[in-house]
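Listed here are the chains, written in short residue letters.
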Amino acid sequence: MSQARLTVSEHTTAGVHVLALAGEIDHTTADVFRQALTDDDRSVRYTVIDFRDVTFMDSSGINVLVVANNEARACGGWLRLAHTPAPVLQLLRIVGLDDVIPLYPTLDQALAPETAA
């Protein structure tokens, strides 16, 4: 049985930490996701997560997002999601996280300063 895989690409642009995820987010990959969101450079308070290539997410991913959003807000920052595929979007809506974390159809829209939450 093969273990689910998650890859993370990250960079910072205009003071925003950008994560591009690919694969599945579940109990076997949640730590990879969590570690990517834990930035050693605490001067970066703003994060956009590009879900374009995420094929699956369960409650493990929801838990990571809730903690990351709370931490961002506690330090005056924000968390935004971009390119959320239908299965992930459905899960976010079921748990009500779409009302808590702003969702954007594109990465450019999520990065735009005028969309500040």
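Structural data are supplied above this passage.
A brief report on the enclosed structure follows. (Residues numbered from 1 in each chain as written. Predicted model: local features only at pLDDT ≥ 70, side-chain atom pairs only at ≥ 80, totals over all residues. Heavy atoms only, no water.)

**Some details on the environment of alanine 22**
The residue alanine 22 is located in strand β2 (residues 16-25) in this model. Measuring from C-alpha to C-alpha, the distance between alanine 22 and valine 54 comes to 4.8 Å, with 32 residues separating the pair along the chain. With near-sequence residues (within four places) excluded, alanine 22 lies in contact with Arg5, Leu6, Thr7 and Asp53. (Helix = DSSP H or I, 4+ residues; strand = E, 2+ residues; numbered from the N terminus. Contact = heavy atoms within 4.5 Å.)

**Remarks on the pattern of salt bridges**
When the charged atoms of two side chains with opposite charge come close together, those side chains can pair. Applying the stated criterion across every chain, the model contains three salt bridges. Across the pair arginine 52 and aspartate 50 runs a salt bridge whose closest N-O atoms are separated by 2.9 Å. Overall, the relative accessible area of 5% leaves aspartate 50 in the buried class. We note a salt bridge from arginine 93 to aspartate 98, for which the minimum N-O separation is 3.9 Å. Of the residues examined, aspartate 98 reaches a relative accessible area of 24% and is grouped as partly exposed. (Salt bridge = Lys/Arg side-chain N within 4 Å of Asp/Glu carboxyl O. Buried < 20%, exposed > 50% of the residue type's maximum accessible area, 1.4 Å probe, protein only.)

**Points about the packing of aromatic side chains**
Applying the stated rule across the entire model yields two aromatic pairs. Considering the side-chain rings of phenylalanine 33 and phenylalanine 51, the 6.4 Å spacing of their centres and the 85 degrees angle between planes classify their relative orientation as edge-to-face. Of this pair, phenylalanine 33 sits in helix α1 (residues 30-37) while phenylalanine 51 sits in strand β3 (residues 46-57), and the two are 18 residues apart along the sequence. Judged by relative accessible area, which is 0%, phenylalanine 33 ranks as buried. Given a relative accessible area of 0%, phenylalanine 51 falls into the buried group. When the centroid spacing of 5.0 Å and the interplanar angle of 45 degrees are considered together, the rings of tyrosine 46 and tryptophan 78 count as tilted. A residue pair is termed long-range when its members are at least 10 positions apart, and tyrosine 46 in strand β3 and tryptophan 78 in strand β4 (residues 78-82) qualify at 32 residues. For arginine 80, the ring lying beneath its charged end belongs to tryptophan 78, and the centroid distance is 3.5 Å. (Phe/Tyr/Trp six-rings, centres within 6.5 Å; stacked < 30°, edge-to-face > 60°. Lys NZ or Arg CZ within 6 Å of the ring centre and 35° of its normal.)

**Overview of the sheet that holds β4**
Spatially, five strands are ordered β1-β2-β3-β4-β5 in an open sheet, and the strand pairing comes out mixed. The outermost strands of the open sheet, each flanked by one partner alone, are β1 (6-13) and β5 (103-104). Relative to β4, β3 runs parallel, the two sharing five bridges. Among the inter-strand pairings, tyrosine 46 is bridged to a residue of β4, identified as tryptophan 78. Lying on the sheet, helix α2 (residues 59-74) is in contact with β2, β3 and β4; it crosses β4 at an angle near 140 degrees. (Pairing = 2+ DSSP bridges. Axes fitted to C-alpha atoms, helices over the stretch in contact; angles between N-to-C directions.)

**Concerning the pairing of β2**
Most of β2 sits inside the fold, with seven of its ten residues counted as buried. Pairing geometry for β1 and β2, over eight bridges, is antiparallel. Looking at the pairing, threonine 7 lines up with alanine 22 of β2. Bridge count for β2 against β3 is nine bridges, and the pairing is parallel. Bridge pairing in β3 places isoleucine 25 opposite methionine 57.

Fair warning: the whole summary comes from geometry, so function is off the table for now.
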